[in-house]
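Tertiary structure, described
Residue strings, one per chain:
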Amino acid sequence: MLWRVIGAGSLVWGGIVFYILSTTPLPSHPNINIPAYPNLEFTISTLSVVWLISSSLVKIGMILKKNWTRVSIISCLCFVFLLINMGIIQANIQSDKMVSPNNNPYPYNLIAAWFVSWFWIDLFLIMISFMNWMRKKWNLV
């Protein structure tokens, strides 16, 4: 029952955050020049979509009491590579003045909380599956 509540709650949380983010315009800064890296942008878009779909499937699996460990692994890998690629873009941003999200931290905090909460749920499921596998392998219980 706990897994169903966590799965349903995280899906609702994701839906609310996705709706808020789609209706809230993010502030832009005119001094930011993002170099044209179409491959990097495509990679980030692809990783974002794959992460969103796989992580949503993990939450649906929690509701249906299915253990989709492989999907959780894909979700976590996409999340890590997404962070790496976003870091590469951020490192390549050239501007005279550093832009900090302190002017309007609400959307940035919301995005970070959503990403991290879903990542930790997926990682927790992987760890539980690993522990169950170890228990079966060593005949502990």
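Per chain, residues are indexed from 1 in the order of the written sequence. Only residues with pLDDT of at least 70 get local features here, since the model is predicted, and only at 80 or more are side-chain atom pairs given and counted; chain-wide, interface and lining totals rely on the full set of residues. Just so you know, side-chain values use all the structure's heavy atoms and leave hydrogens and water out.

**Description of the overall build of the chain**
Using the following cut-off: Strands here mean DSSP runs of E at least two residues long; helices mean DSSP runs of H or I at least four residues long; both are numbered from the N terminus. Relative accessibility decides the category of a residue: with a 1.4 Å probe and only protein chains considered, values under 20% of the type maximum give buried, values over 50% give exposed, and everything between is partly exposed. Whether two residues are in contact is decided by their heavy atoms, any of which lying within 4.5 Å being enough. Computed with a 1.4 Å probe, the accessible areas rest on the Shrake-Rupley method; for each residue, only the protein chains presented here act as cover.
When helices and strands are tallied, the chain shows four helices and zero strands. Mapped from its N terminus to its C terminus, the chain presents α and β elements in the order α-α-α-α. The buried share of the chain, reckoned over its 141 residues, is 25%. Excluding contacts between residues fewer than 6 apart, the proportion of contacts in the chain whose partners are at least 24 apart in sequence is 88%. Surface accessibility of the chain: about 9800 Å² in total, with carbon and sulfur atoms responsible for 69%.

**Notes on the packing of helix H1 (residues 2-23) against helix H2 (residues 38-63)**
Convention followed: Throughout, an axis means a line fitted to C-alpha atoms (over the contacting stretch in the case of helices), and angles, computed between N-to-C directions, take values from 0 to 180 degrees. Throughout, a crossing is termed right-handed when the near helix is turned clockwise from the far one, and left-handed when it is turned anticlockwise from it by less than a right angle. Any residue outside Ala, Val, Leu, Ile, Met, Phe, Trp, Tyr, Cys, Pro, Asp, Glu, Lys and Arg is labelled polar, Gly included; the first ten of those are nonpolar and the last four are charged.
At a minimum axis separation of 7 Å, H1 and H2 run at an interaxial angle of 145°. With respect to the hand of their crossing, H1 and H2 are arranged in left-handed fashion. Along the contact surface, H1 presents Trp3, Arg4, Ile6, Gly7, Ala8, Ser10, Leu11 and Phe18, while H2 presents Leu52, Ser56, Lys59, Ile60, Met62 and Ile63. Of the residues assigned to the contact of H1 with H2, the class counts are nine nonpolar, three polar and two charged.

**Things to note about the packing of aromatic side chains**
As a reminder, the rule being used: Only Phe, Tyr and Trp rings take part, Trp by its six-membered ring, and two of them pair if their centres are within 6.5 Å. Stacked means planes under 30 degrees apart, edge-to-face means over 60, and tilted covers everything else.
Applying the stated criterion across every chain, the model contains 12 aromatic pairs. With a centroid separation of 5.5 Å and 65° between ring planes, the pair formed by Trp114 and Phe115 is classed as edge-to-face. According to the relative accessible area criterion, Trp114 is buried, its value standing at 5%.

**Description of H1**
Stated formally: Expected helix span is taken as 1.5 Å per residue step, with the number of steps being one fewer than the number of residues. Here, the arc refers to the directions that run from the helix axis to the C-beta atoms.
Under the 1.5 Å per step criterion, the end-to-end length of H1 is 32 Å for 22 residues, consistent within 8% with the ideal 32 Å. Regarding H1, the residues found buried are Gly7, Ser10, Gly14 and Val17. Axial view of H1: buried residues confined to an arc of 100°, hence all on one face. Turned more than 90 degrees off the buried face of H1, the exposed positions are Val12 and Tyr19.

**Observations regarding the nonpolar core**
The nonpolar side chains of a soluble globular protein tend to be buried, and buried together. To be explicit about the condition: Take the buried Ala, Val, Leu, Ile, Met, Phe, Trp, Tyr and Cys residues and link them wherever side-chain atoms come within 4.5 Å; each set so joined is a nonpolar core.
One finds Trp51, Phe79, Leu82, Trp114 and Phe115 to be the most contacted residues of the largest nonpolar core, which totals 16 residues. Sorting the residues of this core by element identifies H2, helix H3 (69-92) and helix H4 (105-137) as the ones contributing at least two each. If you tally residues by element for this core, the top one is H4, at six residues. Setting aside residues up to four positions removed in sequence, Phe115 forms contacts with Trp51, Phe79 and Leu82.

**Some words on the pattern of salt bridges**
Selection rule: Any Lys or Arg side-chain nitrogen located within 4 Å of an Asp or Glu carboxyl oxygen qualifies as a salt bridge.
What the rule picks out here adds up to one salt bridge. Linking Asp122 and Lys59 is a salt bridge whose minimum nitrogen-to-oxygen distance equals 2.7 Å. Remark: Lys59 occurs in helix H2 and Asp122 occurs in helix H4; sequence separation between them is 63 residues. We classify Asp122 as buried; its relative accessible area is 0%.

**Thoughts on the side chain of Ser10**
Residue placement: Ser10 occurs in helix H1. Given a relative accessible area of 5%, Ser10 falls into the buried group. The residues touching Ser10, leaving out its near neighbours within four places in the chain, are Lys59, Trp118 and Ile121.

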